[in-house]
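The residues making up each chain are set out below.
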Amino acid sequence: MKKLEEVFETWEAVIGLEIHAELTTLNTKMFCGCKLEFGAEPNTHTCPVCLGLPGALPVPNKAAIESIVLAGLATNCDIEKHSMFYRKNYMYPDMAKNFQTTQGPVAFCMRGHLDLDVDGPAARERYRLDDLGVGESDGNITRTEDGYVAHVGITRIHMEEDAGKMVHVGGGEGRIAGATHSLVDYNRAGTPLIELVTEPDLRTPEEARLFMQKLRQIYLAIGISDCSMEEGSLRCDGNVSLRRRGAKEFGTKTELKNMNSFKNLHDGLAYEICRQAEVLEEGGVIYQETRHWDPSAKRTIVMRVKETADDYRLFPEPDLAPYDLTDAFIERVRAKLPELPDQKARRFEEAFGLSAYDARHLVEHRETSRFFEACMEAAGGEAAKLAKPVANLIINDVTAYLNAEGVALAATPLSPARAVELVRLQASDAISSKQARQVFAAVLAEDKDPEAIVEERGMKQVSDTGAIEAVVAEVIAANPDEVARYKDGNTKVIGFFVGQCMKKMRGQGNPKVINELLARRLAE
Amino acid sequence: MTQHLSEHDVRGIAEYTRIGLDDEEVKQMTVDLNAIIDSLAPITEYDLAGVEPTFHPIGDLSNVMREDVEREGFTQGVALENAPKQQDGCFLIPSILGEGGDR
Amino acid sequence: MTASQTFGSLSVRAIQAGLIAREFSAAEVARGTFERIGAADAQVHAFLETTEEAALEAAARVDAALAAGRGLCELGPLAGVPVAYKDNMNLAGTHTTCSSRMLESYVSPYTATCVARTLEAGALPVGKLNMDEFAFGSSTETSAFGPTRNPWDLGRVPGGSSGGSAAAVAAGLVPVTLGSDTGGSIRQPGSFCGIVAVKPTYGVVSRYGVVAFGSSLDQVGPFARTVEDAALTLNAIAGRDELDCTSQEVTVDFTANLAEGVRGMRIGVVPAFMDAAGLTPEVRDKVAEAAVKLEELGAELVEVELPNAQAAMSAYYVLGPCEAFSNLARFDSVRYGYCDPGHKDLGGQYEASRANGFGPEARRRIMLGSYLLSAGVYDTYYYPAQQVRTLITQDYARAFEQVDCILAPVAPRTAFRFGEIADPTEMYLSDMFTISINIAGNGGMSMPIGLGAETGMPVGAQLIAPAFRDKNMLRAAAALETVYGPAPVAPDFADGKAGE
């Protein structure tokens, strides 16, 4: 099979996403007062409504409607005042009523968009990006210094309910195939779910991944979901088709499921694009089918072929009153809209002089952006001066540590005050960058202030020229042979002198100062 | 009488609604359904241009919602009380391979 | 009280007067009612289940409260009154079968709001009543547990689908029952059995806990032998329920203007109804007579038109099955209900369970609804049917600009004999005068106005009210009651007789 970049020589991929998010931050389900809780004993959060008992009727959760309107406002959607719930009828055992309550042609949120900043290696997935000059546009993208901005349309976000959970028993690894029976737990049934559908505006797996990431950041910022891809509270399906470069017509699409991490989303789409290219290039035909991404086998497999369009017998749900949202309702929700990641990044750039790259990475996670802001507060008058090194510390060292340890920032001994102190020590040349890394590790390991660690270990870097000068003189005097070699033009020997000086100063000399003084004295 | 549905169509509907019918029942159902659909003809003969549908006969009632407040539900025992088959606190069903669910 | 079996033939007020006067206790009322049911219901087969324990518990509470010196108004408007429920209403701990094999062994873990409200009002819950399977029918013949018989003539049907609810009252087994009406299922059996039967405006009574047939059409209402008993019961069950989005605030006292008479009321008569093909002369004559009586009592008769009413029939047979198809999808053998044994795959279990659990009429309506909602067909039937609903609603709105209520036949004929109507489409015609009211959502009721000259069976007059003005029809019904008297217990069951 060809590599993605080879495929892109001939083919253009057209990708659309369907992203489901459970509104896990609410107290109760969509249409009944049962508690929302992940991982509870099976069937302990159930009632007549979510078990679909005969005679039960749904009543919508107002907070869920507020959440979806909030999601729509945060993704530049038009909020539709008039909409209805519909019944989507099909029988499946995890759906207690055997219809899903969802929305019809008009959803609460319609016609939105997100702009993606695609740069670095991610931007290079785009075919022949360099044909575009900075500031030039092609289709829905605009070239930037380091990549491009992609304008991705959002068709709609609609409100619906999640299904229960099934465990398949008797087959291998909980799969349906080979299972002799299944167990159904309706705790999850009726969990409020919002489904966002994008326009087919995405062209690379990276764009899809970035869209998903950005949406996740937004949902986290507005607090409507915990967005755990692992626990399934954020799920993504992708629709992929290929067309020859320059063609206008869409090809036949396949629907890709089980892309339950950012990596799987990228890799699943990349595989499917390459697979389709291979089929087409061998003269084959793409069937409209649902495929399952198997990350361990690194391939997609057919789940089912759609011979005809599904006929869900959709009709307006008679048990639920229609919606006629008032301006007052929408404005009340708008007032709850917090600063969104894009706005926050722009503020960081303007207020602290950060680069766009740093600002964007800081706002990727709520905890890092909050931490950064707390650091800036702790830095007081030095905020502008320390912003860049603090940002670097967070983006590099802190993020790496959190990822490696799998812990939350708040659970570590690193407070904003300590972070600022550490950065300040290094910025004032009190410690070297190497020492700074040691202090960082020690703060986390020993739960002590950076000052105390530096003190304890006698780590203070010596930058005092007088003291260093004495050592330099001593080292030069003690090694006449090396001095001669240096004067013969072997300048590499300077490393030897630096090493000797450092040794004498027990590693506390400022290497920059030592280098300068050595160079000066040896040149005499 | 107009033939709105063939026996083949009726078999398709039976499959979709998950009602198992034998050949004889399909034959009878086809006759019955065609007769009923015939009797619905008046609805197709109305001039309804510009008439808004009324999906909910509830006047101006709209935006009916509840607060996000927990309500006591069932214990596991009560939830499973009517289950034809159960295991490990769950409803037990035979193999679902071949079900056309979109999962 | 000597004949303890006849509590069921007393009015609510008579029972409560007896309780206050200590002529009998609520426990005696309960026990007497069960004796009466035990003696007479074998002929009628109105009951599917009796709930002695629940009734005696409720009775004990009433008796204790009375002994403690509390007044009846404190105890609730139905205190000490035996009430029975159509078997599509959930009462925790009892079966809710909908007269279907599908739910034969289903035991409700919760209680419907309308049932709960009667209990809060002090009623003694005596049992669950037979019906057409899932309310699909007009004769109670589609019950999987055998038909209910009309107490006026055991060879005839009681009507349906709430046949058990009507027959139980007509036979004097209980003074009050609840039924549900989707296209006439309260009013038509009320007419066939000669009792007062009220389908309030859609939204007056909560549907929560009542097994749905047509969600946009279903409405719960009372059966009784007096207008006042029906109104008292309606008071108890009406009003907004936070568990039903389509229920509405009701602040009216439905008994308030029963004694006002009809002087000054404008009552509509629909010529097209009175001249309808299929309306039997005996029914037409009785309804025409009732119109004259109302005029004599001081009402002004006004001819009104409902030009789109003839489309109601086809709209109903589109909307009803569509909603039913979806509502009945939940009966799948997974969480409850009939589960055909021995299947290794769910598909096989689904198909056998639903084929064997549902009767033929249920299967027909489910499949019809599924077809009517399918892609391409939806626009031919379902959507126009909802547009027709708009026209019919407008018709009624216009008519009610001219009149306070409308007088019409309930059913085109009196109760028919078992097996007399076998063709489903012909059976559907028995709802021709009732259906348009469910489509529009306003209130309608059946008021007994004597016996048909030809069959000697009861005839009901339908009174139709504007939406949420249900008191208008109750007021007119109360006036008719002054002429025709309260509904009698069917002769063969009167005075404690157990049927011939």
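Residues numbered from 1 in each chain as written. Chains lettered and ligands numbered in written order. Predicted model: local features only at pLDDT ≥ 70, side-chain atom pairs only at ≥ 80, totals over all residues.

1. Quick notes on the overall build of chain B
Alright, step 1. The helix and strand tally for chain B stands at four helices and two strands.
Alright, step 2. The order of helices and strands in chain B, counted from the N terminus, is α-α-α-α-β-β.
Alright, step 3. Taken over the C-alpha trace, chain B has a radius of gyration of 22 Å; the compact-globule value for 103 residues is 13 Å, which it surpasses by more than 25%.
Alright, step 4. A burial count over chain B gives 33% of its 103 residues as buried. (Helix = DSSP H or I, 4+ residues; strand = E, 2+ residues; numbered from the N terminus. Rg over C-alpha atoms; globule rule 2.2 N^0.38 Å. Buried ≥ 20, exposed ≤ 12 C-beta atoms within 10 Å, placed from the backbone.)

2. With respect to the overall build of chain C
Alright, step 1. Counting secondary structure elements, chain C contains 17 helices and eleven strands.
Alright, step 2. With respect to the principal axes defined by its C-alpha atoms, chain C has extents near 65 × 60 × 45 Å.
Alright, step 3. Looking at chain C as a whole, 66% of its 500 residues qualify as buried.
Alright, step 4. Long-range pairs, those at least 24 residues apart, make up 76% of the contacts in chain C between residues at least 6 apart in sequence. (Contact = placed C-beta atoms within 7 Å.)

3. Observations concerning the nonpolar core
Alright, step 1. Grouped together as the largest cluster of nonpolar side chains are 285 residues, with contacts concentrated most on C:L124, C:A171, C:V196, C:V318, C:L463, C:A476 and C:A477.
Alright, step 2. Sort the elements by how many residues they give to this core and helix 11 (residues 312-327) of chain C lands first, with ten residues.
Alright, step 3. Of all hydrophobic cores here, the second largest spans 33 residues; its members include A:F348, A:L362, A:A387 and A:F440. (Core = buried A, V, L, I, M, F, W, Y, C linked by C-beta atoms within 7 Å.)

4. Quick notes on the sheet that holds strand 4 (residues 176-181) of chain C
The pairing of strands in a sheet comes from backbone hydrogen bonds and takes either a parallel or an antiparallel form.
Residue and element names in this part refer to chain C.
Alright, step 1. If you walk across this open sheet you meet the eleven strands as 1-3-2-4-6-5-10-11-9-7-8, and the pairing is mixed. With partners counted over all chains shown, the strands left at the sheet margins are strand 1 (47-50) and strand 8 (300-303), one partner each. In this sheet, neighbouring strand axes are inclined to one another by 30° on average, regardless of whether the strands run parallel or antiparallel.
Alright, step 2. Relative to strand 8, strand 7 (residues 266-269) runs parallel, the two sharing four bridges. When the sheet's bridge partners are listed, R266 is paired in strand 8 with E300.
Alright, step 3. Running at roughly 145° to strand 6 (residues 219-224), helix 8 (residues 227-237) makes contact with strand 4, strand 5 (196-199) and strand 6 of the sheet. (Pairing = 2+ DSSP bridges. Axes fitted to C-alpha atoms, helices over the stretch in contact; angles between N-to-C directions.)

5. Quick look at the sheet that holds strand 11 (residues 181-185) of chain A
Alright, step 1. Ordered in space as 10(A)-11(A)-2(B)-1(B), the four strands form an open sheet in which the pairing is antiparallel. Strand pairing shows two members of the sheet lacking a second neighbour, strand 10 (165-169) of chain A together with strand 1 (86-87) of chain B, which therefore form its edges.
Alright, step 2. Sheet analysis places strand 10 of chain A next to strand 11 of chain A, joined by five bridges and oriented antiparallel. Residue pairing in the sheet places A:M166 in a bridge with A:V184 of strand 11 of chain A.

6. A closer look at the pairing of strand 10 (residues 443-451) of chain C
Residues and elements named next belong to chain C.
Alright, step 1. Among the nine residues that make up strand 10, seven are buried, leaving the element largely enclosed by the rest of the structure.
Alright, step 2. Of the pairings in the sheet, the one linking strand 5 to strand 10 comprises three bridges and is antiparallel in character. Note that in strand 10 the partner of K199 across the bridge is G444.
Alright, step 3. The hairpin turn running from strand 10 into strand 11 (residues 458-465), its antiparallel successor, is six residues long, and G456 in that turn takes a positive phi close to 70°.

7. Observations regarding the environment of A:H365
Alright, step 1. In this structure, A:H365 sits in the loop between helix 7 (356-362) and helix 8 (366-379).
Alright, step 2. C-alpha separation for the pair A:H365 and A:D201, spaced 164 residues apart in sequence, amounts to 25 Å.

8. A word on helix 15 (residues 494-504) of chain A
Residue and element names in this part refer to chain A.
Alright, step 1. Of the residues making up helix 15, those classed as buried are F497, Q500 and C501. Buried positions in helix 15, seen along its axis, are confined to an arc of 95° and lie on one side of it. Set apart from the buried face of helix 15 by more than 90 degrees, the exposed residues are G495, G499 and K503.
Alright, step 2. Buried residues belonging to helix 15 abut helix 13 (465-478), helix 14 (480-487) and helix 16 (511-523). (Arc of directions from axis to C-beta.)

9. With respect to the interface of chain C and chain B
Alright, step 1. Every contact between the two is made by 56 residues of chain C and, on the other side, 47 residues of chain B.
Alright, step 2. The set of elements that each furnish at least two residues to the side of chain C that touches chain B consists of helix 11, helix 12 (346-357), helix 13 (360-372), helix 14 (382-402) and helix 15 (424-428) of chain C.
Alright, step 3. Element by element, the count of residues in the side of chain C that touches chain B is highest for helix 14 of chain C, at ten residues.
Alright, step 4. Tallied by class, the residues present in the side of chain C that touches chain B amount to 30 nonpolar, 17 polar and nine charged. (Nonpolar A, V, L, I, M, F, W, Y, C, P; charged D, E, K, R; others polar.)

10. Observations regarding the packing of helix 11 of chain C against helix 13 of chain C
Residues and elements named next belong to chain C.
Alright, step 1. Contact geometry for helix 11 and helix 13: axes closest at 7 Å, N-to-C directions at 100°. Judged by the inter-axis angle, helix 11 sits roughly perpendicular to helix 13. On helix 13, the residues touching V318, P321, C322, A324 and F325 of helix 11 are R365, I366, L368, G369, S370 and L372.
Alright, step 2. Among the residues forming the contact of helix 11 with helix 13, the class breakdown is eight nonpolar, two polar and one charged. (Parallel < 35°, antiparallel > 145°, perpendicular 65-115°, else oblique.)

11. Regarding the confidence of the model for chain B
Alright, step 1. The predicted model of chain B has a mean per-residue pLDDT of 92, with 94% of residues at 70 or higher.
Alright, step 2. Summarising per-element confidence for chain B, the mean pLDDT is lowest in helix 3 (residues 41-44) of chain B (91) and highest in helix 4 (residues 76-79) of chain B (98). (pLDDT = per-residue confidence, 0-100.)

12. A short note on the confidence of the model for chain C
Residues and elements named next belong to chain C.
Alright, step 1. Mean pLDDT over chain C works out to 95, with 99% of the residues at or above the 70 mark.
Alright, step 2. Across residues 1-5, confidence stays below pLDDT 50; counting only partners more than four residues off in sequence or on other chains, it has twelve contacts.
Alright, step 3. For this predicted complex, the interface score ipTM comes out at 0.96, alongside a pTM of 0.91.

13. Examining the pairing of strand 6 (residues 109-119) of chain A
All names here are of chain A.
Alright, step 1. Of the pairings in the sheet, the one linking strand 2 (residues 78-79) to strand 6 comprises two bridges and is antiparallel in character. Residue pairing across strands places D78 opposite M110, the latter belonging to strand 6.
Alright, step 2. With ten bridges joining them, strand 6 and strand 9 (residues 147-161) adopt antiparallel strand pairing. Across the sheet, residue H113 finds its bridge partner in strand 9, namely G153.

14. Structural notes on the packing of helix 13 of chain A against helix 15 of chain A
All names here are of chain A.
Alright, step 1. Close contact between helix 13 and helix 15 brings their axes to 10 Å; oriented N to C, the two are set at 125°. As summarised for this structure, helix 13 and helix 15 are arranged oblique, according to the angle between their axes. Where helix 13 crosses over helix 15, the handedness of that crossing is right-handed. In contact with V471, V472 and V475 of helix 13, helix 15 contributes F497, Q500, C501 and K504.
Alright, step 2. Split into classes, the residues belonging to the contact of helix 13 with helix 15 amount to five nonpolar, one polar and one charged. (Left-handed = near helix turned anticlockwise from the far one by under 90°.)

15. Digging into the environment of C:K199
Residue and element names in this part refer to chain C.
Alright, step 1. Tracing the chain through its elements places K199 in strand 5.
Alright, step 2. For K199, a count of 36 C-beta atoms within 10 Å gives the class buried.
Alright, step 3. In contact with K199, other than residues within four places in its own chain, are D181, I186, R187, Q219, G221, G443, G444 and M445.

16. Things to note about the environment of A:A470
Alright, step 1. As for its position among the elements, A:A470 is in helix 13.
Alright, step 2. As a C-alpha pair, A:A470 and A:C501 span 31 residues in sequence and 9.9 Å in three-dimensional space.

17. Some remarks on unusual backbone geometry
The phi torsion of most residues other than glycine is negative, and most of the peptide bonds are trans.
Alright, step 1. The step from C:G160 to C:S161 runs through a cis peptide bond, and the omega angle for that step is 10°.
Alright, step 2. Mapped onto the fold, C:S161 is located in the loop between strand 3 (124-129) and helix 6 (163-170).
Alright, step 3. Not every positive phi belongs to a glycine, and A:N258 is a case in point at roughly 65°.
Alright, step 4. Relative to the helices and strands, A:N258 is located in the loop between strand 14 (254-257) and helix 4 (262-281).
Alright, step 5. Accessibility expressed as a C-beta count within 10 Å gives 19 for A:N258, which makes it partly exposed.
Alright, step 6. With a phi close to 55°, C:F134 is a non-glycine residue in the positive phi region.
Alright, step 7. Relative to the helices and strands, C:F134 is located in the loop between strand 3 and helix 6.

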